[in-house]
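# Observations on the three-dimensional arrangement
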Amino acid sequence: MARDEEFAAFVAARYRALVRTGLLMTGDRGHAEDLAQSALIRTYLAWGRLREPGNAEAYARRTLVRLALRARRRLWNSEVAAGVIPAPGAGPRAESGHADLALDVRRALAALPAGQRAVIVLRYLDDQSEAEIARVLGISTGTVKSRAARGLASLRTAGLLDRQGGHHDR
């Protein structure tokens, strides 16, 4: 398969997941789509070095998270969009309870400091290991653990984890 065909297949498979991560990082769908597209452009430019789809996915995710954290440092970002976080494979309609929970999650994530938000999104919503998160963010695994603990404590305080029946540590 040619490089462009391989990359097109990668984009088709991973674009929605990248936008979802961007949405959880920023709280804004438009910004999330911009981040995903910027990350994919950089991934395309590095495609020859990446060689395997797993490497490309990790590179794209790492790039998206770094771009989101850099943008957050530059922009005032206290508003939270009221839209619904799309679940993977979900259609445009969501039950009211799910829509309310999605909005609560986005508001709670928006209230977290950027570093905690990045760790929570990558660990519990993107299912990344602590070691992978440490590599993506350029921090130690101990810092990943402490940011996760503080972020989860904030989410518990917001009552979010209680609505889900608690959190199960991995």
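Computed from a predicted model, the values in this text were never measured in an experiment.

### What about the pattern of salt bridges?
Scanning the model with the defined rule gives six salt bridges in all. Arginine 14 is the partner of glutamate 57 in a salt bridge, and the nearest nitrogen-oxygen pair spans 3.1 Å. A residue pair is termed long-range when its members are at least 10 positions apart, and glutamate 57 in helix H3 (residues 53-74) and arginine 14 in helix H1 (residues 3-26) qualify at 43 residues. In this structure glutamate 57 comes out as partly exposed when scored by relative accessible area, which is 24%. Given a relative accessible area of 24%, arginine 14 falls into the partly exposed group. Overlapping salt bridges, with partners in common, bring together Arg14, Arg20, Glu57, Arg61 and Asp126 in one network.

### Side note on unusual backbone geometry
With phi around 60 degrees, aspartate 127 is a residue other than glycine that occupies positive phi space. Looking at the secondary structure, you find aspartate 127 in the loop between helix H5 (114-125) and helix H6 (130-137).

### A closer look at the packing of aromatic side chains
This model, assessed by the stated rule, comprises four aromatic pairs. Measuring from ring centre to ring centre gives 5.0 Å for phenylalanine 7 and tyrosine 44, while their planes differ by 65 degrees; the resulting arrangement is edge-to-face. Highlighted residues: phenylalanine 7 in helix H1 and tyrosine 44 in helix H2 (residues 29-50), separated in sequence by 37 residues. The class of phenylalanine 7 is buried, set by a relative accessible area of 12%. Under the relative-accessibility criterion, tyrosine 44 is labelled partly exposed at 28%. Taken together, a centroid distance of 5.4 Å and an interplanar angle of 55 degrees make the contact between phenylalanine 10 and tryptophan 47 tilted. Placement of the pair is phenylalanine 10 in helix H1 and tryptophan 47 in helix H2, with a sequence separation of 37 residues. We note that phenylalanine 10, like tryptophan 47, is buried. Every member of this aromatic cluster is reached through a ring pair, and the members are Phe7, Phe10, Tyr44 and Trp47. In this structure, arginine 3 is placed above the aromatic ring of tyrosine 44, and the distance from its NZ or CZ to the ring centre is 4.5 Å. Arginine 123 extends its terminal NZ or CZ atom over the ring of tyrosine 124, reaching a point 5.8 Å from the ring centre.

### Considering the nonpolar core
Phe10, Met25, Val65, Leu137 and Leu155 are the most contacted members of the largest nonpolar core, which totals 41 residues. Elements with a contribution of two residues or more to this core: H1, H2, H3, helix H4 (96-111), H5, H6, helix H7 (141-157) and helix H8 (160-163).

Parameters at a glance
- Residues numbered from 1 in each chain as written.
- Predicted model: local features only at pLDDT ≥ 70, side-chain atom pairs only at ≥ 80, totals over all residues.
- Heavy atoms only, no water.
- Salt bridge = Lys/Arg side-chain N within 4 Å of Asp/Glu carboxyl O.
- Helix = DSSP H or I, 4+ residues; strand = E, 2+ residues; numbered from the N terminus.
- Buried < 20%, exposed > 50% of the residue type's maximum accessible area, 1.4 Å probe, protein only.
- Phe/Tyr/Trp six-rings, centres within 6.5 Å; stacked < 30°, edge-to-face > 60°.
- Lys NZ or Arg CZ within 6 Å of the ring centre and 35° of its normal.
- Core = buried A, V, L, I, M, F, W, Y, C linked by side-chain atoms within 4.5 Å.

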